[in-house]
Amino acid sequence: MAYSEKVLDHYNNPRNVGAFDKTDPNVGTGMVGAPECGDVMKLQVKVNPISGIIEDAKFKTFGCGSAIASSSLATEMLKGKTVDEALQIKNTELVNELALPPVKIHCSVLAEDAIKAAITDYKKKAVSAGVAQAV
Amino acid sequence: MDYFEVFGLPRSLSLDGASLQKRFYELSRRYHPDGFARASALERQKAEEASAELNDAYRTLRDPVGRTEYLLKLNGFEIGEQRGSDVPPELLEEAFELNMALEELREGGPGAEAAIEEARVKFTAMLDAIDKELDALAAVYDAASAREGLQQVRGLLNRRRYIGNLVSQTAKPAVA
């Protein structure tokens, strides 16, 4: 199956590959997977604790081109959003932007799950650290 | 009719491959087009359909992993229906770390080949161990048909996918 131009672009030049220190209180980490395809996706956000804005995002995905492109695009979309705005990101936005075919929609769902997992992790940390504004 | 019924077998995870094959040949003969040369168009069509179903059933049931996935599906434990949150974090962590380590090996330049071969041997051994564990779980499930047993089987099949992926990745020659 042929990948769209945009998938190929993100696959060949993935944005924001890497990792933050997951013990950093301002970092939220989401690790999700789709065992059916053997995919595993780690997505992290670095949040400004005062403004609640996501200042940076990183990912590392082992999986097919669509999974890599979905998570790469997700990190791009996350930057500059507040954590609550980030929770509003829907997989359909990734599907449309990347022109994913129906059989690859689950890759975008995985990326949405990863965003939610990362934000949830950040919020949990913020609550236990008593950072009320960012929650 | 489910694939087990096609063969007149109970729904079980363990199956004797030799008797399955024997039964497959018997049933194949029954639906063979030669036997329907003078039959009506409708009967011929029915035999063709039965034959196609038999082939699908045999292909699915003769493969232990395919059979296990099929039985899971019949019981509402479809592999593809899981969300990321259904997969235990330890497994994701393990899969991530193993993939990461393999990627580092690949970028290792000279000497990488030997290390990748070493990894392949390790992953293959892990896969064998998983298959043994699956056999053991299958025996337990077949004895009692407890649904929790299927959940365990699915969990292990998930891990099998990840490890199997690593095996096939290391089987390929390393590309820079």
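Residues numbered from 1 in each chain as written. Chains lettered and ligands numbered in written order. Predicted model: local features only at pLDDT ≥ 70, side-chain atom pairs only at ≥ 80, totals over all residues. Heavy atoms only, no water.

### Thoughts on the pairing of strand β2 (residues 39-47) of chain A
As a general feature of sheets, a regular strand has side chains that alternate between the two faces. All names here are of chain A. With eight of nine residues buried, β2 is to be regarded as a mostly interior element. Inspection of the sheet shows strand β1 (residues 27-34) paired to β2 by eight bridges, in the antiparallel sense. Within the sheet, the bridge partner assigned to Met31 lies in β2 and is Lys42. Counting the residues between successive antiparallel strands, the hairpin from β1 to β2 contains four residues, one of them, Gly38, with a positive phi of roughly 75°. Here β2 runs beside strand β3 (residues 54-62); their pairing, made up of eight bridges, is antiparallel. Looking across to β3, one finds that Val45 is bridged to Ala57. (Buried < 20%, exposed > 50% of the residue type's maximum accessible area, 1.4 Å probe, protein only. Helix = DSSP H or I, 4+ residues; strand = E, 2+ residues; numbered from the N terminus. Pairing = 2+ DSSP bridges.)

### So, the sheet that holds β1(A)
All names here are of chain A. Taken together, the three strands give an open sheet; going across it, the order is β1-β2-β3, and neighbouring strands pair in antiparallel fashion. Looking at which strands have only one partner, the edges of the open sheet turn out to be β1 and β3. Neighbouring strand axes in the sheet, compared pairwise and without regard to direction, differ in orientation by 15° on average. (Axes fitted to C-alpha atoms, helices over the stretch in contact; angles between N-to-C directions.)

### Brief notes about the interface of chain A and chain B
Often, the extent of an interface is quoted as the loss of accessible area upon association of its parts. Contacts between the two partners involve 16 residues from chain A, matched on the other side by 17 residues from chain B. In this assembly, chain A packs against chain B so that about 1,500 Å² is buried in total across both faces, 61% of it on carbon and sulfur atoms. On the chain A side of the interface with chain B, the three residues burying the most area are A:Met31, A:Pro35 and A:Phe62, jointly 40% of the side's total. Inspection of the chain A/chain B interface yields two salt bridges. Here B:Glu103 and A:Lys60 are joined by a salt bridge, their closest N and O atoms 2.8 Å apart. At the junction of chain A with chain B, the criterion picks out six residue pairs in polar contact (both at pLDDT 80 or more). (Contact = heavy atoms within 4.5 Å. Buried area = accessible area lost by both parts, 1.4 Å probe. Salt bridge = Lys/Arg side-chain N within 4 Å of Asp/Glu carboxyl O. Polar contact = N/O pair within 3.5 Å; in protein donor to acceptor, adjacent residues only side chain to side chain.)

### A closer look at the packing of helix α5 (residues 89-106) of chain B against helix α6 (residues 112-144) of chain B
When two helices pack together, their arrangement is captured by the angle between the axes and the distance separating the axes. Residues and elements named next belong to chain B. In contact at an axis separation of 9 Å, α5 and α6 are set at 155° when each is read in the N-to-C sense. Taken together, the axis directions place α5 and α6 in an arrangement best described as roughly antiparallel. Crossing handedness for the pair α5 and α6: left-handed. Contact with α5, carried on its side by Glu94, Leu98, Leu102, Leu105 and Arg106, involves Ala112, Ala115, Ile116, Ala119, Lys122, Phe123 and Met126 of α6 and no other residues of that element. Across the contact of α5 with α6, the residue classes tally to nine nonpolar, no polar and three charged. (Parallel < 35°, antiparallel > 145°, perpendicular 65-115°, else oblique. Left-handed = near helix turned anticlockwise from the far one by under 90°. Nonpolar A, V, L, I, M, F, W, Y, C, P; charged D, E, K, R; others polar.)

### Points about the nonpolar core
The biggest cluster of nonpolar side chains holds 39 residues, and the ones touching the most others in it are B:Phe7, B:Leu13, B:Leu61, B:Leu72, B:Phe123, B:Leu150 and B:Ile163. Counting only elements with at least two residues in this core, the list comes to α1 (3-6), α2 (17-30), α3 (41-62), α4 (64-74), α5, α6 and α7 (147-171) of chain B. Among the elements that line this core, the one with the most residues is α6(B), at eleven residues. Looking at which domains feed residues into this core, each of domain 1 (3-62) and domain 2 (85-171) of chain B supplies at least three. For B:Leu72, the contacting residues outside a window of four places in its chain are B:Phe77, B:Glu78, B:Ile79, B:Leu150, B:Val153, B:Arg154 and B:Leu157. By size, the runner-up hydrophobic cluster in this structure holds 32 residues, among which are A:Leu78, A:Leu98, A:Leu100 and A:Ala111. (Core = buried A, V, L, I, M, F, W, Y, C linked by side-chain atoms within 4.5 Å. Domains from an automatic or database assignment.)

### Looking at the packing of aromatic side chains
All names here are of chain B. Evaluated as defined, the whole model comprises six aromatic pairs over all chains. Judged by centre distance (6.4 Å) and plane angle (45°), the rings of Phe7 and Tyr58 are tilted. Taken together, the positions of Phe7 in the loop between α1 and α2 and Tyr58 in helix α3 put the pair 51 residues apart, joining distant regions of the chain. Neither Phe7 nor Tyr58 differs from the other in exposure class; each is buried. Centroid distance Phe24 to Tyr58: 4.0 Å. Interplanar angle 10°. Geometry classified as stacked. Of this pair, Phe24 sits in helix α2 while Tyr58 is found in helix α3, placing the two residues 34 residues apart along the sequence. One aromatic cluster is present, built from ring pairs that chain together Phe7, Phe24, Tyr25 and Tyr58. (Phe/Tyr/Trp six-rings, centres within 6.5 Å; stacked < 30°, edge-to-face > 60°.)

### Some words on α6(B)
Residues and elements named next belong to chain B. Relative to the 48 Å expected for 33 residues at 1.5 Å per residue, α6 spans 48 Å between its end C-alpha atoms, a close match to the ideal helical length. Buried residues of α6: Ala112, Ile116, Ala119, Phe123, Met126, Leu127, Ile130, Leu134, Leu137, Ala138 and Tyr141, and no others. Of the surrounding elements, those touching the buried residues of α6 are α4, α5 and α7. Phi turns positive, to about 55°, at Ser145, one or two residues after α6. (Expected span 1.5 Å × (residues − 1).)

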